[in-house]
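Structure at a glance
The chain contents come next:
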Amino acid sequence: MSEIKQHPVLAYISDKIQSAIADAKLDKQSESVAVIKDGNDQIHLQQVTDASGAITIQITDKKEILYSEDLLETLQNIEEGTESQKELYGALSSTTVVVNGLSIETDFVFQAVKDCFDTLSSSYQFVKTITKQINGLTISFQFGDHKFQLVVVNDTDSIAITSDLTDVKDAKVKKTIESDVIKVQQALNKMFKE
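This structure is a prediction, so every number in the text was calculated from the model and none was measured. (Residues numbered from 1 in each chain as written. Predicted model: local features only at pLDDT ≥ 70, side-chain atom pairs only at ≥ 80, totals over all residues. Heavy atoms only, no water.)

A few points about the nonpolar core
By size, the foremost hydrophobic cluster in this structure holds 25 residues, and its most contacted members are Ile 13, Ile 17, Ile 43, Leu 45, Ile 59, Leu 66 and Leu 75. For this core, the secondary structure elements donating two or more residues are helix H1 (8–20), strand S2 (33–38), strand S3 (41–49), strand S4 (55–60), helix H2 (65–68), helix H3 (72–76), helix H4 (86–93) and strand S5 (96–99). Here this core takes 5 residues from H1, the largest share from any one element. Core analysis: the second largest hydrophobic core is formed by 24 residues, Cys 116, Phe 141, Leu 165 and Val 168 among them. (Core = buried A, V, L, I, M, F, W, Y, C linked by side-chain atoms within 4.5 Å. Buried < 20%, exposed > 50% of the residue type's maximum accessible area, 1.4 Å probe, protein only. Helix = DSSP H or I, 4+ residues; strand = E, 2+ residues; numbered from the N terminus.)

Here's what the structure looks like:
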């Protein structure tokens with residue numbers, strides 16, 4: 001039985017993850033699908049290439065092993081160390097890595113949104129993620145007893161945060177949240193886009 005020859009980007013990324021997790025086993029299922037097994041848990045990787053040739057590596061990591069192993073930063077800068085291999089370096093540089101529905105930078109933006117609101121006031125509490133789309137997400141937050149939603153969009157040049165304060169009836173609280181959303185948006189753009 002011959003070994004499956006995988007796309008170079010998928011092969012490189014799956015090897016990198018497998019070598020970073022002690023005792024993990026790599027199962028090459030096809031040229032575009034790999035599974036990394038860590039005990040009873042697994043990380044599923046799939047390479048998708050669109051009509052323009054842009055590569056996306058979609059990773060499903062239900063047990064969030066990549067987070068616990070601190071591998072997101074490694075994946076964000078996956079091309080580092082491959083500079084001598086021009087073709088692979090170019091392919092990795094333009095690859096989008098998506099973990100559990102979010103691009104890695106958007107995941108970092110999401111964590112920063114939560115941190116920024118925590119820093120502004122202990123009254124803010126993250127409730128849950130409602131939707132995820134590679135470069136954006138809708139999240140539910142609470143300010144004291146007041147629930148509201150935020151839509152965070154991570155575009156190439158800027159990060160936009162819009163709020164849905166329909167359920168917030170207190171005008172003073174509404175004004176505070178609106179003001180804080182602007183502060184968080186400015187802070188995130190400074191952190192990630194400038």
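The discussion continues.
Let's talk about the packing of helix H5 (residues 104–120) against helix H6 (residues 171–192)
The N-to-C vectors of H5 and H6 enclose an angle of 135°; their axes lie 10 Å apart at closest approach. As summarised for this structure, H5 and H6 are arranged oblique, according to the angle between their axes. Crossing geometry of H5 relative to H6 is assigned as right-handed. Residues Glu 105, Phe 108, Val 109, Ala 112, Val 113, Cys 116, Phe 117 and Leu 120 of H5 pack against Asp 180, Val 181, Lys 183, Val 184, Ala 187, Leu 188, Met 191 and Phe 192 of H6. Of the residues assigned to the contact of H5 with H6, the class counts are 13 nonpolar, no polar and 3 charged. (Axes fitted to C-alpha atoms, helices over the stretch in contact; angles between N-to-C directions. Parallel < 35°, antiparallel > 145°, perpendicular 65-115°, else oblique. Left-handed = near helix turned anticlockwise from the far one by under 90°. Contact = heavy atoms within 4.5 Å. Nonpolar A, V, L, I, M, F, W, Y, C, P; charged D, E, K, R; others polar.)

Quick notes on the sheet that holds strand S6 (residues 102–103)
The strand order across the open sheet built from 6 strands is S1-S2-S3-S4-S5-S6, with neighbouring strands paired in mixed fashion. Of all strands in the sheet, those bounded by a partner on one side alone are strand S1 (25–30) and S6. In this sheet, S2 lies alongside S1 in antiparallel orientation, the contact comprising 5 bridges. Each bridged residue has a counterpart across the sheet, and for Leu 26 the counterpart in S2 is Ile 36. Helix-sheet contacts for H1 involve S1, S2, S3, S4 and S5, and the interaxial angle to S3 is about 160°. (Pairing = 2+ DSSP bridges.)

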